[in-house]
Amino acid sequence: MSPNEYFANRTAVVTRMENEEGVNPYPHKFVVDLRLPEYVEQYADAVEAGSSLEDVTVSIAGRVNSKRGQGKMIFYDLVGDGAKVQVMSQLNTYESEEGFKYI
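So, a few notes on the structure that sits alongside this text. (Residues numbered from 1 in each chain as written. Predicted model: local features only at pLDDT ≥ 70, side-chain atom pairs only at ≥ 80, totals over all residues. Heavy atoms only, no water.)

**A look at unusual backbone geometry**
Point 1. With a phi angle near 55°, Asp81 is a residue other than glycine that sits in the positive phi range.
Point 2. Summarising the element assignment, Asp81 is placed in the loop between strand 2 (73-80) and strand 3 (83-90). (Helix = DSSP H or I, 4+ residues; strand = E, 2+ residues; numbered from the N terminus.)

**Remarks on the side chain of Asp77**
Point 1. Tracing the sequence through the fold places Asp77 in strand 2.
Point 2. Note on Asp77: relative accessible area 9%, which makes it buried.
Point 3. At 3.2 Å, the side chain of Asp77 forms a polar contact with the side chain of Arg68.
Point 4. Those residues in contact with Asp77 that lie beyond four places of it in its chain are Arg63, Val64, Asn65, Ser66, Arg68, Lys84, Val85 and Gln86. (Buried < 20%, exposed > 50% of the residue type's maximum accessible area, 1.4 Å probe, protein only. Polar contact = N/O pair within 3.5 Å; in protein donor to acceptor, adjacent residues only side chain to side chain. Contact = heavy atoms within 4.5 Å.)

**Re the layout of surface pockets**
Point 1. Approximately 2,400 Å³ is the volume attributed to the largest pocket.
Point 2. Forming the boundary of the largest pocket are 45 residues, of which Ile60, Tyr76, Val87, Met88 and Ser89 lie nearest the centre.
Point 3. Elements with a minimum of two residues in the lining of the largest pocket: helix 1 (3-19), helix 2 (36-43), strand 1 (63-70), strand 2 and strand 3.
Point 4. Per-element tally for the lining of the largest pocket: the top contributor is strand 3, with six residues.
Point 5. Classifying every residue of the lining of the largest pocket by side-chain character gives 28 nonpolar, 12 polar and five charged. (1 Å grid on protein atoms, 1.4 Å probe; cavity = no way out; pocket = protein on both sides within 12 Å on 5 of 7 lines; lining within 4 Å. Points joined across faces, edges and corners; volume = space filled by probe spheres on them. Nonpolar A, V, L, I, M, F, W, Y, C, P; charged D, E, K, R; others polar.)

**Some details on the packing of aromatic side chains**
Point 1. By the definition in use, this model includes one aromatic pair.
Point 2. Ring geometry for Tyr39 and Tyr43: centres 5.1 Å apart, planes at 40°, overall tilted. Of this pair, Tyr39 and Tyr43 both sit in helix 2, four residues apart, which is roughly one turn of the helix. (Phe/Tyr/Trp six-rings, centres within 6.5 Å; stacked < 30°, edge-to-face > 60°.)

In structure tokens form, the structure reads like this:
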């Protein structure tokens, strides 16, 4: 794909999100509870690999370094401030199947 084709494709996706789906692909502000190094320090020993804390909600931010789909799960590698966190999103814990495909 040429750079011009990539740009046209990306522009079409953003336009569709804004006009047809009513989604702001680039929100101006969002609340962050913990920086990634603080999150890793606080939760590294609190949760075993493959498990989750169902009663805890934390807002973190970083750059999505990679995204991989595996059936009804999506894995994100989030990096920032010298730390890396792998986020796992599952369809059965998301608000709707329709919304899941846009994350």
